[in-house]
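Summary of the model geometry
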Amino acid sequence: MASGAGQSCSDPVFLSLISLPEGMSAEEAAEIVGRESSLDTRTMRYALKKTPPCIISRVPAVVAREALAALKAHGGDGFAPSMADIESLGPTLKIKDMRLESGGVVFDLWRGPTITLVTTDIDFLIRVHLSDASTAPPQFQTLPSSLSYTNPTLFSSSYSWGMGGAYGASLAVYATVAANYVAYRESDRITTISHKLDIHAKDGRVFQVDGDKFGYRILGDQRGHSDNVNIDHMCELFAHLNPEAVVDPYFSFWKPPPGYKLIKIPMMKINKDDPAFAFYSRWSALMYRHVMGTGH
C-alpha cells in the first residue's frame, strides 16, 4: 500500500525524516520547513534534534505534504505513513518451526498454514531485544524493633521534622519504612529480555522468530546456549539466504511517537505483540521500501 493512499487532507500521518539536505544542519532545515509549510519553526527545531531516520510529529496529511515538499526541494528526504499504512502489513505471523527446502525456507506457523518463502523474497530483517521489568509482590514484613514509635532515637536531632510528639515520630517511622520498602522493591525487580527477529517478505507479510517460542532446530550444530546468540545466528542465516536483505538492529535507538499504542493488527493480544516494536518494524519496512522505490 502506498503511503498516504486514500487519505483525506485532515487525516493524521506520521511525518518522518529519512535524511537532511546534504550539508544542511538540523537548525537550517527547521527554518526552511517552518518557512515553507504550516509547521511551527520552533517545533521543527526541537523535532529535528532527533537522529534520522525518525518520526518528527503526527500531523494532518496536508501539513505533512507541505513539509515533505519543502524538505525534498532542498535535497532531503522523508515520508509520511498513516496508521492505516502501518497496519496494512497485517499480523505478526509467528514461526513454530522451519526448514530449508529446494523451493526456499518452509515456515510452520503457530497459527496458520505451512508457508514456503522463496529466499529472494526475504526483504528486511528487524532484530530486537525487548526488556520487560516487573516487580514481585511485596511480602508482609513486621517493623524491626529499632523502628518502634517508642524508640527514643526517633525524637533525636537526626529526626528533626519541626513537629513534636507522636505525629513527628510517625512521620519518621513512615519515612524510614518507605525508604526500606523502595529498596526492597528495587532489589526484587526482575527484568526479562525477549529476543525476536521480524522477517519481512516482499509481498508485505511479517513473519517472526520469537525466542520465547522457538526451538532453533534449524541451526543444528550452530545452536547456542542463549536466545541472544541464537537470534543472531538466525539473522545471519537469513542474510546468507538473501544477501540483498536489509538488516535493521536499530530499534533501541528509536523513540516511539505519540499515538503508537493505537496500532491494531490481527492477533496482537494473542501474540503478545509489543506495540512499540510492532509499530517500528512496520514503519521501518515502509521506510526502506520508500527509499528503494518498492513501496506497495
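Just so we're clear, the structure is a prediction, and the values are computed from it rather than from any experiment.

The rules we used
Residues numbered from 1 in each chain as written. Predicted model: local features only at pLDDT ≥ 70, side-chain atom pairs only at ≥ 80, totals over all residues. Heavy atoms only, no water. Helix = DSSP H or I, 4+ residues; strand = E, 2+ residues; numbered from the N terminus. Buried < 20%, exposed > 50% of the residue type's maximum accessible area, 1.4 Å probe, protein only. Contact = heavy atoms within 4.5 Å. pLDDT = per-residue confidence, 0-100. Salt bridge = Lys/Arg side-chain N within 4 Å of Asp/Glu carboxyl O. Lys, Arg positive; Asp, Glu negative; His and termini not counted. Pairing = 2+ DSSP bridges.

1. Points about the overall build of the chain
Counting its regular elements, the chain contains 8 helices and 10 strands. Buried residues in the chain amount to 42% of all 296 residues. Contacts in the chain between residues at least 24 apart in sequence constitute 70% of all its contacts with a sequence separation of at least 6.

2. With respect to the confidence of the model for the chain
This prediction gives the chain a mean pLDDT of 81; 76% of its residues lie at or above 70. Below a pLDDT of 50 lies the segment residues 133-185, which in the model reaches 47 contacts outside its immediate sequence neighbourhood of four places, other chains included.

3. Points about the pattern of salt bridges
Under the defined criterion, the tally for this structure stands at 12 salt bridges. Put simply, Arg-35 and Glu-36 hold a salt bridge, and the shortest N to O gap is 3.9 Å. Taking relative accessible area as the criterion, Arg-35 reaches 59% and is therefore assigned exposed. Across the pair Arg-99 and Glu-101 runs a salt bridge, and its minimum N-O distance is 3.5 Å. Owing to a relative accessible area of 34%, Arg-99 belongs among the partly exposed residues under this scheme.

4. Considerations on the side chain of Asp-273
Among the structural elements, Asp-273 can be located in the loop between α7 (268-271) and α8 (275-292). At 4.7 Å, Lys-94 is the nearest oppositely charged side chain to Asp-273, a buried residue that forms no salt bridge. Residues within four places of Asp-273 in sequence aside, it is in contact with Thr-92, Lys-94, Ile-265, Met-267, Met-268 and Ala-278.

5. Some details on the pairing of strand β9 (residues 206-210)
By the criterion of burial, β9 is predominantly enclosed, with 5 of the 5 residues buried. Of the two faces of β9, both are covered, the one formed by Val-206, Gln-208 and Asp-210 as well as the one formed by Phe-207 and Val-209. Judged from the 3 bridges that link them, strand β4 (residues 92-101) and β9 form a sheet pairing that is parallel. Within β9, the position partnered with Thr-92 by the bridge is Val-206.

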